[in-house]
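Analysis of the macromolecular model
In case you want the letters, here they are:
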Amino acid sequence: MWGSFFRMGFRVLMRQKNYFLLNLAGLTIGIVAFVFIYLYVENALYYDRSWKNYQHIYRVNETYSTGGKAEKMALTPYLLADTLKNNFPEILQSTRLFFTDPSDKNDVSSVNYRGKMYDIPNLTIGDARVFKIFNYRFTEGNPDSCLLHPNSMVLSTAMKQKIFGSNPALGKKLKTSMRQYTITGVFDNKNRPSHLEFDAVISITSLDKQEQKQLNTNWFWLNCYTYVEFADTVNVRKFTQRVNYFTDTAIGKFVQKQKIKINGYMHLAFQPIQDIHFSQGLLYDSHSNINVTYLYIFVIVALFILLMASINYVNFATARSLKRAREIGVRKVMGALRKQLMRQHISEALILTFTAFIISLSLVELMTPVFNALVNRHITLVHSLFSGSGLVFGFLLLLFMLLLALLSGSFPAFVLSSLQPVEVLGGRGVVFKTKKRYSFTAAGLRKFLVVIQYLVAIGVIISTLIIFAQIHYVKNRPLGFDKENVVVVNSPADTSFRGRVKGFVAALQADSAIEQVATASSLPGYLTGKILVSTGDSTDGHMQTLNSFFVGYHYFDLLKIPLLEGQYFSSVTENDSTEHFILNEAAVDFLHLKHPIGSYLYTPMAKKGKIIGVVKNFNFSSLHQQVEPLIFVLSPQYVQYVVVRINPAKRQEALAHLQATWNKSNKGYTMYYTFLDKKLDTLYSSDQKMLSLFFYFSLFVIFISALGLFGLSAFLIEQRSKEISIRKVLGGSEKQIVFTLVKEYVMLVLIAGLLISPVVYFFIEKWLNSFAYHIRLSIWYFVAGIVLVLFIAFFTVLLQALSMVRKRPVEALKYE
Amino acid sequence: MIETKRLKKVFKSADIETVALAGIDLKVEEADFVSVMGPSGCGKTTLLNLLGMIDVASSGSYRFKGEEVYSLTEKQITRLRKQNIGFVFQNFNLIEELSIWENIELPLIYQGVKKAERKRRVMEVIDRLEISHRKDLLPVQLSGGQQQRVAVARAIVTRPHLLLADEPTGNLDSMHGEEVMNILDELNKEGMTIVMVTHSHHDASYSRRIVHLFDGQIINENLNRV
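Residues numbered from 1 in each chain as written. Chains lettered and ligands numbered in written order. Predicted model: local features only at pLDDT ≥ 70, side-chain atom pairs only at ≥ 80, totals over all residues. Heavy atoms only, no water.

The secondary structure content of chain B amounts to seven helices and 10 strands. Relative to its length of 226 residues, chain B is compact, with a C-alpha radius of gyration of 17 Å against a globular reference of 17 Å. Its C-alpha atoms give chain B principal-axis dimensions of roughly 50 × 40 × 40 Å. For chain B, the residues scored as buried account for 55% of the 226 residues in total. A fraction of 68% describes how many contacts in chain B between residues 6 or more apart in sequence connect residues 24 or more apart. A total accessible area of about 10,000 Å² is found for chain B, and carbon and sulfur atoms account for 49% of it. (Helix = DSSP H or I, 4+ residues; strand = E, 2+ residues; numbered from the N terminus. Rg over C-alpha atoms; globule rule 2.2 N^0.38 Å. Buried < 20%, exposed > 50% of the residue type's maximum accessible area, 1.4 Å probe, protein only. Contact = heavy atoms within 4.5 Å. Areas by Shrake-Rupley, 256 points an atom, 1.4 Å probe, with all protein chains shown as cover.)

This is the structure:
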């Protein structure tokens, strides 16, 4: 019985190809967008939940406060992991991983295997217990012992594949500029989304013995991520208090021993590992963290896209079925029962929804690589669908499609098949008669649904416009220095480079394509260090934390940072052995210095230095933040970066000269360099990512809503063909009649625009306020968004209206 | 006022040609009242549509007030129709979303008549056809006879020289039909030219002349009541 209904259904759909394709396309696109967003959200929620006992794994974060200024960071001292494990039995396991800045690459990041260099994007140092907590599956080696011995290295499967192909890696040697490592294990991180992003780990025992000893006593040297695994019974809140009491005492002893005075505290906090992916506002936290608000927005958008697609689908289906009222009448006259009519319509709907379902999933599978590149994830449909929650999702989606089919299929079956055949055969078609002018009608319902679609479309478009404008603004706002044409070269980790710096710099300057060269430990857009300073000497002054840049002589001249008073470091002679500082305006205010020039600042080891200059504030971190206090310490020997200003007209020549000079000075080392303006752009990479997601959302939403309006207006205008003809006969011109038809839709868009604008304003203002520097929210963004949608709606309806109006009136007025 | 020569209309579909009108020569003088009669499918409505310029003949000539209609552009035809012709249909063809008043006002809007003048003229026909108390209702709220009065009001509000009526009483009972015919008769007596398609000999008896169509051709014309 059902078989014959499906056969008939196929014929009906094939006969109405345009309708079938339009509806299929709308529904498919809706499902594709929905599934992608689901995959993204599911992946985000699955972050760090794949570890055995993940509910008991915590990262230790630290609030570090001096001089009344508190900073939260994800970093802790090296000694913390052992200290906790040794003093608290509640802690079953602890481990630490060194902080590494993936953008700060040097010779250590590239390894040599059989004469070929391989770049390891994210290399870190970890202790022997890393894989006890992070229980990756090992394809080679033993997770418990792989990091015990010095110069051991563990690789990810992807990295191993890159270097060794399908050959086993265990026991093979990899060389860096300074050492040789032995591969002791290969771990598989596929489908284990985590805030940990390392591709390789080196054993902590590889560190120099002297360095380890220093690290093991210093509470202020924050350079490690510390993770702990608690016993089941631990009350983390109470435990935190006990730990802090303990560490306060330990730090107090340490401070006393160092003979410094600090007006501040250090507070530890335990963060559940599955929360890390959504944590914001911690310094030195994982780059892959996302703002959970974005996730909510995505979920809302996804639901709306699915809703819109469903609305369109039901709208089309019911509109279409009205056209078939006559067919239903004939069938009823022939003796069809309502049940049979229902089956007929539901089987048609089922064919359509399931075709859409299958095509969408295939499209998702095909487009996954593109999507992964966009959101920077490794998501696979198959894996996600066959994990626990994925199965539920797949089932729910299927159920939803079924419901959609039942709903859209039963409308004609219920409503139309309940009509008396004589009503529909009577020649008028089905008209929902209105007794009052503004009563609720099927047409009214459709209009309402169209307004909802336009709410979403306009909202997303306005948001996209504003996000675009803001990102354009932050990328182009003058920062207070000249970021163009500056090449930043990462110096080798090999300390012998310090001896070669002078020669290297001199050799660089020999070419006319190079305008100026400077050295530094940090630059705008890069991580800044922190140092403790006080305005009085260490016995009577209180220590305060300042952002610090250790720089060489020509730093300010090169970056063109304007001087307010005093002098640049370039005025200091090379054999002057006193410490020299330059402050920015914010630091002068922060330290309450009335006459900064010539006054002294003290650092913890009772060292003092003279302030010789004050520079204007410039934005050295992202424009999300105000300019913070910053101190420059003249230290020509501390060279993390070689900064090169090149002649823009001789760019190629400059880069070639740079490479050649590098090769001469640092034989066998890969040169890592970046343009400063590019690096600064990466400060907004998560904003940029949001922009591109919003851009794609807009496309989806515009497409679906335009499709919806196209189909719906086609139907509604066709339904009004008779009215149009009457108007023509009464002397209406094409222009007048088209205006009559289009006017209504224009009104709908305007209403939608007015309704959604305050909502967008509310949310987008919040987002803009996350920037210390942002554009003003002008009304024109809203007008532009509405006008854009208005145009799309206008032309969609115009197409339909014109084709209808151009018909001769007599065609529609033919007698029924 | 109207003169057609060898007016032909052929409908083509896929591979069948249907001849609806096979060369009509018809003359209608000013202030005439012509009934077109004939069996279903003989081409009555097609002829009326051609005369009303809402359809175009396949061949032949159509002179309206001395002007050759088929030498005019689409725009000029529209203007000619707007200024001279009113329509009354069997099924009224009122616009359901518009009130009675708005329905009657619509052709005036399309003619670009100013608002005050529109009001005056709509009021005039509404009074005349005794529907003023229903002017704010929607068409569906009226009986068939009332709807047809509205349709007539809408057709004559522009003061056309020619009124084309396609079975104006076809959907009405005899009492309401009589009312509508009396109105048409009155209009004709005031000088309006009327061409009416009808099946009803009774209705035809109101006209001055009857034209019989059969298979797309005029088979005879006779004067009535003169």
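A separate point is the overall build of chain A. Scanning chain A for helices and strands turns up 24 helices and 25 strands. When its C-alpha atoms are laid out on the principal axes, chain A stretches across 105 × 60 × 55 Å. A buried classification covers 54% of the 816 residues belonging to chain A. Sequence separation of at least 24 residues holds for 81% of the intrachain contacts in chain A that already meet a minimum separation of 6. When the accessible surface of chain A is totalled, it reaches about 37,000 Å², and 60% of it is carbon and sulfur.

Here we come to the pattern of salt bridges. The tally for this structure, following the rule as stated, stands at 27 salt bridges over all chains. Here Asp 482 of chain A and Arg 645 of chain A are joined by a salt bridge, their closest N and O atoms 3.3 Å apart. Here Asp 482 of chain A, found in the loop between helix H14 (442-476) and strand S15 (486-490), pairs with Arg 645 of chain A, found in strand S24 (residues 641-646); they are 163 residues apart in sequence, far enough to count as distant. Arg 149 of chain B is the partner of Glu 179 of chain B in a salt bridge, and the nearest nitrogen-oxygen pair spans 2.6 Å. Taken together, the positions of Glu 179 of chain B in helix H6 (residues 174-189) and Arg 149 of chain B in helix H5 (residues 144-156) put the pair 30 residues apart, joining distant regions of the chain. (Salt bridge = Lys/Arg side-chain N within 4 Å of Asp/Glu carboxyl O.)

Let us look at the sheet that holds strand S8 (residues 193-197) of chain B. Residues and elements named next belong to chain B. Read across the open sheet, the six strands follow the order S6-S7-S8-S3-S9-S10; overall the sheet is mixed. Edge positions in the sheet fall to strand S6 (85-88) and strand S10 (217-223), since each has one partner strand and no second. Taken pair by pair, the neighbouring strands of this sheet meet at an average axis angle of 15°, ignoring direction. Taken together, the five bridges between strand S7 (residues 162-166) and S8 define a ladder with parallel strand orientation. Looking at S8, one finds that Leu 164 is bridged to Val 195. (Pairing = 2+ DSSP bridges. Axes fitted to C-alpha atoms, helices over the stretch in contact; angles between N-to-C directions.)

Often, the extent of an interface is quoted as the loss of accessible area upon association of its parts. Residue and element names in this part refer to chain A. Domain parsing of chain A yields domain 1 (1-48 + 309-431), domain 2 (69-262), domain 3 (442-478 + 685-816) and domain 4 (493-668). Taken together, the contact between domain 1 and domain 3 spans 21 residues of the former and 20 residues of the latter. Of the roughly 1,900 Å² buried between domain 1 and domain 3, counting both surfaces, carbon and sulfur atoms make up 72%. Across the contact surface, domain 1 and domain 3 share zero salt bridges. At the surface where domain 1 touches domain 3, the tally comes to two residue pairs in polar contact (both at pLDDT 80 or more). Those elements giving two or more residues to the side of domain 1 that touches domain 3 turn out to be helix H2 (17-45), helix H8 (292-323) and helix H10 (338-375). (Domains from an automatic or database assignment. Buried area = accessible area lost by both parts, 1.4 Å probe. Polar contact = N/O pair within 3.5 Å; in protein donor to acceptor, adjacent residues only side chain to side chain.)

What follows is about the interface of chain A and chain B. Every contact between the two is made by 23 residues of chain A and, on the other side, 28 residues of chain B. Where chain A abuts chain B, roughly 2,300 Å² becomes buried across the two surfaces, and 55% of that area is made up of carbon and sulfur atoms. Our count for the contact surface shared by chain A and chain B stands at zero salt bridges. Seen at the junction of chain A and chain B, the total is three residue pairs in polar contact (both at pLDDT 80 or more). Only helix H21 (721-729), helix H22 (734-768) and helix H24 (809-813) of chain A provide two or more residues apiece to the side of chain A that touches chain B.

Residue and element names in this part refer to chain A. Its location among the elements puts Ile 458 in helix H14. Given the relative accessible area of 0%, Ile 458 is considered buried. With 329 residues separating them in the primary sequence, Ile 458 and Val 787 have C-alpha atoms 9.2 Å apart. Discounting residues that sit within four places of it in the chain, Ile 458 has contacts with Val 749, Ala 752, Gly 753, Ile 756, Ile 786 and Val 789.

With that settled, the discussion passes to the pairing of strand S11 (residues 180-188) of chain A. As a general feature of sheets, a regular strand has side chains that alternate between the two faces. All names here are of chain A. In this structure, strand S8 (residues 137-141) lies alongside S11, joined through four bridges in antiparallel fashion. Residue pairing for S11: Arg 137 is matched across the bridge by Asp 188. Bridging between strand S9 (residues 152-156) and S11 involves five bridges; their strand directions are parallel. Bridged to Ser 152 within S11 is Thr 182. Judged from the three bridges that link them, strand S10 (residues 173-175) and S11 form a sheet pairing that is antiparallel. Across the sheet, residue Lys 175 finds its bridge partner in S11, namely Gln 180. Here S10 folds back onto S11, and the loop between the two strands holds four residues.

All names here are of chain B. In this structure, Pro 168 sits in the loop between S7 and H6. For the pair Pro 168 and Phe 87, spaced 81 residues apart in sequence, the C-alpha separation works out to 9.8 Å. Every residue in contact with Pro 168, bar those within four places of it in the chain, is listed here: Val 88, Phe 89, Gln 148, Val 180, Leu 184, Met 196 and Val 197.

What follows concerns the nonpolar core. Residue and element names in this part refer to chain A. Membership of the largest hydrophobic core comes to 143 residues, with the highest contact counts inside it found for Leu 27, Leu 523, Tyr 555, Phe 556, Leu 559, Phe 632 and Leu 676. No other element matches the 17 residues that H2 contributes to this core. Within the second largest apolar cluster, 52 residues are counted, among which are Phe 88, Leu 97, Leu 268 and Ile 273. (Core = buried A, V, L, I, M, F, W, Y, C linked by side-chain atoms within 4.5 Å.)

This part takes up helix H1 (residues 44-51) of chain B. Residue and element names in this part refer to chain B. Taking burial as the measure, the eight residues of H1 include seven buried ones, the bulk of the element. Within the span of H1, buried status applies to Lys 44, Thr 46, Leu 47, Leu 48, Asn 49, Leu 50 and Leu 51. Just beyond H1, the residue with positive phi is Met 53, at close to 60°.

With that out of the way, let us pick up the packing of helix H20 (residues 685-719) of chain A against H22 of chain A. All names here are of chain A. Direction vectors running N to C along H20 and H22 enclose 160°, while the axes themselves pass 13 Å from each other. Relative to H22, H20 is oriented roughly antiparallel. The element H20 and its partner H22 pack so that their crossing is right-handed. Two secondary-structure elements touch here, H20 through Asp 687, Met 690, Leu 709, Ser 713, Leu 716 and Ile 717 and H22 through Leu 741, Tyr 745 and Trp 767. (Parallel < 35°, antiparallel > 145°, perpendicular 65-115°, else oblique. Left-handed = near helix turned anticlockwise from the far one by under 90°.)

All names here are of chain B. Here four strands make up an open sheet; going across it, the order is S2-S1-S4-S5 and the pairing antiparallel. Of all strands in the sheet, those bounded by a partner on one side alone are strand S2 (16-28) and strand S5 (67-68). In the sheet, strand S4 (residues 59-64) pairs with S5 via two bridges, with the strands oriented antiparallel. Across the sheet, residue Phe 64 finds its bridge partner in S5, namely Glu 67. In this fold H1 packs onto strand S1 (2-13), S2 and S4, with an angle of close to 60° to the strand it touches most, S2.

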